[in-house]
Amino acid sequence: MTSFSSRGVLRPMALLAVAFCLMAELVGPSQLAATAVDAKLFQGLRYRSIGPARGGRVTAVAGVRKQPQTFYMGATGGGVWKTTDAGANWVNVSDGFFETASIGAIAVAESDPNVVYVGTGSAAIRSNVILGKGGYKSTDAGKTWTHIGLREAGQIGAVRVDPRDANVAYVAALGQPFGANAERGVFRTKDGGKTWQKVLFINDRTGVVSLAMNPVNPNELYAGSWQAVRKPWTIVSGGPAGECGIYKSTDGGETWKHLENGLPKGPNALIGKVGVDVSAANPQRVYAVMEASDGQGGVYRSDDAGASWALINKTGGLISRPFYYTYINADPKNADAVYVNNLAFYKSTDGGKSFRPMPTPHGDNQGTWINPDNPEIFIQSNDGGANVTLNGGRSWSTIYNQPTAEIYQVAVDNQFPYLVYGAQQDNTTLIVPSLPTTMERV
């Protein structure tokens, strides 16, 4: 690790501190406190991005069904971005509208692609957590946004929109990550986010992290519940099987049933994070990836719309570090094809019995949206950003065009012009110039 010493040369902030101390000695603390600072001195200052262009962690992605090169991504600390050329270029669309840069879920209404819902607060909670501030909605494809409530819902894991009506949407709210609160579960709006009804509430410790909707019958919903809390010294993931697991509604969220047949159950069984999805190719086929105690974690499958389940794959790589990953996505055209996002990105073509890893531009894979009309087209996200494929994963768009990096520390050196150093989450330390042009350094 390289350390930097001033060698008698003071940084700008150090010069400012010295000047402040000298002024205090000359005029006295009380006089200094009363000294007015002319705001005009700072009116010309503007923030500008100096990079890096390498993407950061993304846990929310969505696409537009009838616009196969248009996608949205939500970074865990960088806001919402949009591409209209399959990832060749990304543009931020949330700056100036959102109260937080942490994004948990994005959904585009199929009946009106101008309508986009966003849930803030990434539900892939880890050591560093940025709190969510509720939901946002755009009616002009991301040009402008309106806050639509759920401010205390904490981390939002999923948003699903009824394909028949853009005003009907469901939100999976994990809740506040640092303690119990009542604003968690499944919320439903029927008026485009003007009002919300909490349609599934388990208790003030157990929230919902995933939602799946039957595209053939949107009144049929599956919710993956999760009891998770971030303590100062650890992350607690999992709760009693009688509270956690998978819930199903067949009436658009009015009533819910806790599914148990074939899933972990019993007085001592614990269930952690759950990902769930319905196969559009065969809505009787439902997949889930689940964290569970006593070796019961893995990929589960139902072939009768959730009435019964079977644990079909216990491969460790599919449930590695489950509180961080645990996402599953069914291929919309092939009921036997399914993807699991984990440390690696896995695909099965035999109904989940076996999986093979697929290369992605970066590891620590977090989410996938697959075009319902052409499963060769999808967007996939990871700790390096978001990447688009138009050929089923044989090639990907770059992650070096999205300045959404999570930087843990920043340092500068003593060169002129100086360089800026930053340690990026799940990446290397980066060095970028403080000035936009290349200059000879002394």
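Please read these numbers as outputs of a predicted model, since none were measured by experiment.

What follows deals with the side chain of Asp331. Relative to the helices and strands, Asp331 is located in the loop between strand S23 (327–330) and strand S24 (338–341). For Asp331, which is buried and forms no salt bridge, the nearest opposite charge comes from Lys347, at a distance of 5.2 Å. Among the polar contacts listed, one links the side chain of Asp331 to the backbone nitrogen of Lys333, at a separation of 2.7 Å.

Another aspect to go through is empty space enclosed by the protein. A full pass over the atoms with the stated rule returns 1 cavity of 30 Å³ or more. One number sums up the size of the largest cavity: a volume of about 30 Å³. Surrounding the largest cavity, Ala241, Cys244, Gly245, Ile246, His258, Leu259, Glu260, Leu263, Pro264, Ile271 and Met290 form its lining. Elements supplying a minimum of two residues to the lining of the largest cavity: strand S17 (245–249) and strand S18 (257–259). Here the lining of the largest cavity is composed, by residue class, of 8 nonpolar, 2 polar and 1 charged.

Ordered in space as S5-S6-S7-S8, the 4 strands form an open sheet in which the pairing is antiparallel. What marks the edges here is a single partner per strand, and that holds for strand S5 (103–108) and strand S8 (146–147). Note: strand S7 (residues 135–138) against S8, 2 bridges, orientation antiparallel. The residue bridging Lys137 from the neighbouring strand is Thr146, located in S8.

This next bit is on the pattern of salt bridges. Following the criterion strictly, the structure yields 14 salt bridges and no others. The salt bridge involving Glu243 is made with Arg205; its shortest N-O contact spans 3.6 Å. Of this pair, Glu243 sits in the loop between strand S16 (239–240) and S17 while Arg205 sits in the loop between strand S12 (197–200) and strand S13 (206–213), and the two are 38 residues apart along the sequence. Given the relative accessible area of 21%, Glu243 is considered partly exposed. Each of Arg65, Lys66, Glu110 and Asp373 takes part in a single network of salt bridges with overlapping partners.

Our next topic: the environment of Ser127. On the secondary structure map, Ser127 appears in the loop between strand S6 (116–120) and S7. Along the chain, Ser127 and Trp233 lie 106 residues apart, while their C-alpha atoms are 8.9 Å from each other.

Reading across the sheet, the 3 strands line up as S27-S28-S29 and stay open at both edges, with antiparallel pairing between neighbours. Strands at the two margins of the open sheet, each flanked by one partner only, are strand S27 (365–370) and strand S29 (385–389). Going across the sheet, the axis of each strand differs from the next one's by a mean of 20°, ignoring polarity. Sheet analysis places S27 next to strand S28 (residues 378–382), joined by 5 bridges and oriented antiparallel. The partner of Thr368 across the bridge, within S28, is Gln380.

In this structure the tally under the stated criterion is 10 aromatic pairs. Look at Phe71 and Trp369: their rings are 6.1 Å apart centre to centre, the planes differ by 75°, and that puts the pair in the edge-to-face class. You can see Phe71 sitting in strand S2 (residues 67–75) and its partner Trp369 sitting in strand S27, a full 298 residues away along the chain. The same class applies to Phe71 as to Trp369, namely buried. Taken together through their ring pairs, the aromatic side chains of Tyr339, Phe345, Phe378 and Trp396 make up a single cluster. Lys198 extends its terminal NZ or CZ atom over the ring of Phe201, reaching a point 4.2 Å from the ring centre. Above the plane of the ring of Tyr324 lies Arg321, whose end atom (NZ or CZ) is 4.4 Å from the centre.

What follows concerns the pairing of strand S31 (residues 419–424). The element S31 is largely enclosed, with a buried count of 5 among its 6 residues. Pairing of strand S30 (residues 407–412) with S31, which is carried by 4 bridges, proceeds in the antiparallel orientation. Paired with Ile407 across the bridge in S31 is Gln424. As consecutive antiparallel partners, S30 and S31 are separated by 6 residues.

Here the focus is the nonpolar core. One finds Tyr222, Ile246, Leu263, Met290 and Trp309 to be the most contacted residues of the largest nonpolar core, which totals 18 residues. Among the secondary structure elements, those contributing two or more residues to this core are strand S19 (270–278) and strand S20 (286–292). Here the element with the most residues in this core is S19; it accounts for 4 residues. For Tyr222, the residues in contact, after removing those within four places along its chain, are Ser210, Leu211, Ala212, Ile246, Tyr247, Lys248, Leu259, Val276, Val278, Val286, Ala305 and Gly306.

Glancing now at the side chain of Gln227. Considering the arrangement of structural elements, one finds Gln227 in strand S14 (residues 221–230). Residue Gln227 is classed as buried on the basis of its relative accessible area, which comes to 16%. There is a polar contact of 2.9 Å between the side chain of Gln227 and the side chain of Thr206. There is a polar contact of 3.2 Å between the side chain of Gln227 and the side chain of Glu243. The residues touching Gln227, leaving out its near neighbours within four places in the chain, are Arg205, Thr206, Val236, Ser237, Gly238, Gly239, Pro240, Glu243 and Cys244.

What counts, and where the lines are drawn
- Residues numbered from 1 in each chain as written.
- Predicted model: local features only at pLDDT ≥ 70, side-chain atom pairs only at ≥ 80, totals over all residues.
- Heavy atoms only, no water.
- Helix = DSSP H or I, 4+ residues; strand = E, 2+ residues; numbered from the N terminus.
- Buried < 20%, exposed > 50% of the residue type's maximum accessible area, 1.4 Å probe, protein only.
- Lys, Arg positive; Asp, Glu negative; His and termini not counted.
- Salt bridge = Lys/Arg side-chain N within 4 Å of Asp/Glu carboxyl O.
- Polar contact = N/O pair within 3.5 Å; in protein donor to acceptor, adjacent residues only side chain to side chain.
- 1 Å grid on protein atoms, 1.4 Å probe; cavity = no way out; pocket = protein on both sides within 12 Å on 5 of 7 lines; lining within 4 Å.
- Points joined across faces, edges and corners; volume = space filled by probe spheres on them.
- Nonpolar A, V, L, I, M, F, W, Y, C, P; charged D, E, K, R; others polar.
- Pairing = 2+ DSSP bridges.
- Axes fitted to C-alpha atoms, helices over the stretch in contact; angles between N-to-C directions.
- Phe/Tyr/Trp six-rings, centres within 6.5 Å; stacked < 30°, edge-to-face > 60°.
- Lys NZ or Arg CZ within 6 Å of the ring centre and 35° of its normal.
- Core = buried A, V, L, I, M, F, W, Y, C linked by side-chain atoms within 4.5 Å.
- Contact = heavy atoms within 4.5 Å.

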